[in-house]
Every structure is written in C-alpha cells, then in structure tokens.
Amino acid sequence: MIKLVGIGPGNIDNMTLKAINSIKEADVVLGYSTYINQIRSLLENQNVIEYAMGEEEKRCKDAIKLSKEGYNVALICGGDPNIYSLSNILLNLTDEIEIIPGVTALSSCASLIGAPLNDFAVISLSDYNISLENITKRIEYAAKADLVMILYNPTSKVRKKKTKRILETIISIKPPKTKVALVKNCYRKNFTYKIINLSNILNNLDFIDMNTTIIIGNKYSFEKNKKLITPRWYK
C-alpha cells in the first residue's frame, strides 16, 4: 500500500499527525526535492529519493515498483494530493494507495491574510495540461459570477504574457476597486503579502511568481487592519 501524503504549505506545524506518522513509518520516501527539503527533519533511517519538477509520472511509477518489492512507501506532495497534485496520476496506475490529505494553499493563505473566502472558485493558470483558451473561459465565468477567485500556479518564466492576458480578462469584468491579495511563500521563509485593488494588479507582475497565490475578492470584500475580509451575513 502506497501512502500519498499531502504535506501542506511547507512547514511541519501545519501537517496533519497522520501525514507526519506516515512519513516517519515509511521505508522509502519519494518526492520533488523542494518538498523533501521541507520535511527533512522528519527523515531518519528512510531511503529518500528526490526528483526534479516535471517527473510526476516517474515518481508514481517508482513508488509502485518499490511497493511491489515489499517496501512501505510514502510519496509526498505539496498541499493536498487531490488539488493539482498526484492523486489522479497515481490512481490511473494503481488502486493500492491511501491518500493522506493536507492543508492546501487556499486555506493556508487565507489563515494568514484574514477571512477572504466565501463562495469561491479555485483555478490553476498553468497551461501544461489545458489550453489557455479554456483557462480564460473558466476565469471569465467565475469573474462574471462574482465568485471569490483563488489562482494557483499564476505564472512562470515562460508564461508572463499569458498571465497578463488572463488578468486583463478579470480586470475587464470585475470592478476596479475589487480587493486582491498576493500571497507569497505562505508559511515558508520570506513569507510576504500585499493587498491591492484589482486595478493595480498589472503593476505587481514582478511580485507574482510560482510561489504566489492570488486571491481576488468579490464585490463585498474589504480590507481592514491589513487583512482581507469577505463578509458572510447571518440573520
């Protein structure tokens, strides 16, 4: 049985007890090198196999091979295994897995910047597996519905122009004064964030990178004491 372990935002304090125990009890721990470094203090006698970005399928196939050889395997991933991660890849290859959930970026970022979430849509801007046209269409519908929007994987070195086009789509639909939080390195070293108006987001493109989560409020969202709040009214 392979344990697919979500390690959350990147610090051990925000991992579940089950995730920690699954790693400690494993014979072999596999994962992207950045994630391995984040849980290094939990590793003692385990055999550790590190991978580069883009080797997702290889990680899964290696985990299956080692499991069949009789090893207790923990395959780790950032955030939650079911949110833009490895669960769908691994389940297409084997059903002998246990998925250990983790704290995802939307909830970990929200905990640090206030209370921005109400009805919301989570959308990845990565066009690795989906066309830019389809991403833009989803963005457009979410913006027109005035959902709070959480944007994962907002940009990369080769996607800056594409990111700009997507943000321009949002700007064309939502009011200019809509509040936006740019959250970088959540629960990691060099954590920082900004709360800005949507009209100013293109002036912050240099701040946005793959370690940034973008949270765009709805028409009721407001800033108070450097926190972003999307109210829920209870009668």
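Predicted model, so just to flag it, every value in this text is computed and none were measured. (Residues numbered from 1 in each chain as written. Predicted model: local features only at pLDDT ≥ 70, side-chain atom pairs only at ≥ 80, totals over all residues. Heavy atoms only, no water.)

Considering the side chain of Asn185
Then step 1. Its location among the elements puts Asn185 in the loop between strand S9 (179-184) and strand S10 (192-197).
Then step 2. We classify Asn185 as buried; its relative accessible area is 14%.
Then step 3. Not counting residues up to four positions away in its chain, the partners in contact with Asn185 are Asn190, Phe191 and Asn211. (Helix = DSSP H or I, 4+ residues; strand = E, 2+ residues; numbered from the N terminus. Buried < 20%, exposed > 50% of the residue type's maximum accessible area, 1.4 Å probe, protein only. Contact = heavy atoms within 4.5 Å.)

Overview of the packing of helix H6 (residues 132-144) against helix H7 (residues 160-173)
Then step 1. In contact at an axis separation of 9 Å, H6 and H7 are set at 25° when each is read in the N-to-C sense. Compared by their axis directions, H6 and H7 come out roughly parallel. Considering the relative orientation of H6 and H7, their crossing is right-handed. Two secondary-structure elements touch here, H6 through Leu132, Ile135, Thr136, Ile139, Glu140, Ala143 and Lys144 and H7 through Lys162, Arg165, Ile166, Thr169, Ile170 and Ile173. (Axes fitted to C-alpha atoms, helices over the stretch in contact; angles between N-to-C directions. Parallel < 35°, antiparallel > 145°, perpendicular 65-115°, else oblique. Left-handed = near helix turned anticlockwise from the far one by under 90°.)

A look at H7
Then step 1. With 14 residues, H7 should reach 20 Å at 1.5 Å per residue; the first-to-last C-alpha distance of 21 Å fits that figure.
Then step 2. Listed in full, the buried residues belonging to H7 are Thr163, Ile166, Leu167, Thr169 and Ile170. Axial view of H7: buried residues confined to an arc of 145°, hence all on one face. Pointing more than 90 degrees away from the buried face of H7 are the exposed residues Lys161, Arg165 and Ser172. (Expected span 1.5 Å × (residues − 1). Arc of directions from axis to C-beta.)

Thoughts on the sheet that holds strand S8 (residues 148-152)
Note on sheets: strands pair through backbone hydrogen bonds, and any given pair is parallel or antiparallel.
Then step 1. Judged by pairing direction, the sheet is mixed, and its 5 strands sit side by side in the order S7-S8-S11-S9-S10 without closing on themselves. Bordering the open sheet on either side are strand S7 (120-124) and S10, each of which pairs with just one other strand. Within this sheet the neighbouring strands show an average axis-to-axis angle of 15°, counted without direction.
Then step 2. Pairing analysis gives 5 bridges linking S9 to strand S11 (residues 212-216), with the strands arranged antiparallel. Bridge pairing in S11 places Leu182 opposite Ile214.
Then step 3. Taken strand by strand, helix H5 (residues 105-113) contacts S7, S8, S9, S10 and S11, and its axis lies near 75° from that of S11. (Pairing = 2+ DSSP bridges.)

Examining the domain arrangement of the protein chain
Then step 1. What the domain assignment lists for the protein chain is domain 1 (2-103) and domain 2 (106-229).
Then step 2. Distance from the C-alpha centre of domain 1 to the C-alpha centre of domain 2: 28 Å.
Then step 3. On the side of domain 2, 9 residues touch domain 1, which itself brings 8 residues to the contact.
Then step 4. Of the roughly 740 Å² buried at the junction of domain 1 and domain 2 (both faces included), carbon and sulfur atoms supply 55%.
Then step 5. Across the side of domain 1 that touches domain 2, the residue classes tally to 4 nonpolar, 4 polar and no charged. (Domains from an automatic or database assignment. Buried area = accessible area lost by both parts, 1.4 Å probe. Nonpolar A, V, L, I, M, F, W, Y, C, P; charged D, E, K, R; others polar.)

Quick word on the packing of aromatic side chains
Then step 1. Within the structure shown, the criterion is met by 3 aromatic pairs.
Then step 2. Lying over the aromatic face of Phe207, Lys184 brings its terminal NZ or CZ to 4.3 Å of the ring centre. (Phe/Tyr/Trp six-rings, centres within 6.5 Å; stacked < 30°, edge-to-face > 60°. Lys NZ or Arg CZ within 6 Å of the ring centre and 35° of its normal.)

Re the sheet that holds strand S5 (residues 97-100)
Then step 1. On the basis of which strands lie adjacent, the open sheet formed by 5 strands has the order S3-S2-S4-S1-S5 and parallel pairing. Of all the strands in the sheet, the pair left with one neighbour each is strand S3 (47-51) and S5. On average, each strand axis in the sheet is inclined to that of its neighbour by 20°, with strand direction left out of account.
Then step 2. Sheet strands in contact with helix H1 (residues 17-24) are strand S1 (2-6), strand S2 (28-32), strand S4 (73-77) and S5, and its direction is about 135° off that of S1.
Then step 3. Helix-sheet contacts for helix H3 (residues 56-68) involve S1, S2, S3 and S4, and the interaxial angle to S2 is about 175°.

Here we look at the nonpolar core
Then step 1. Formed by 23 residues in total, the largest nonpolar core has its most connected members in Ile139, Leu151 and Ile201.
Then step 2. Secondary-structure elements contributing two or more residues to this core are S7, H6, S8, H7, S9 and S11.
Then step 3. If you tally residues by element for this core, the top one is H6, at 5 residues.
Then step 4. Sequence-distant contacts of Leu151, defined by excluding residues within four places in its chain, comprise Ile123, Leu125, Ile139, Leu167, Ile170, Thr212, Thr213, Ile214 and Ile216. (Core = buried A, V, L, I, M, F, W, Y, C linked by side-chain atoms within 4.5 Å.)

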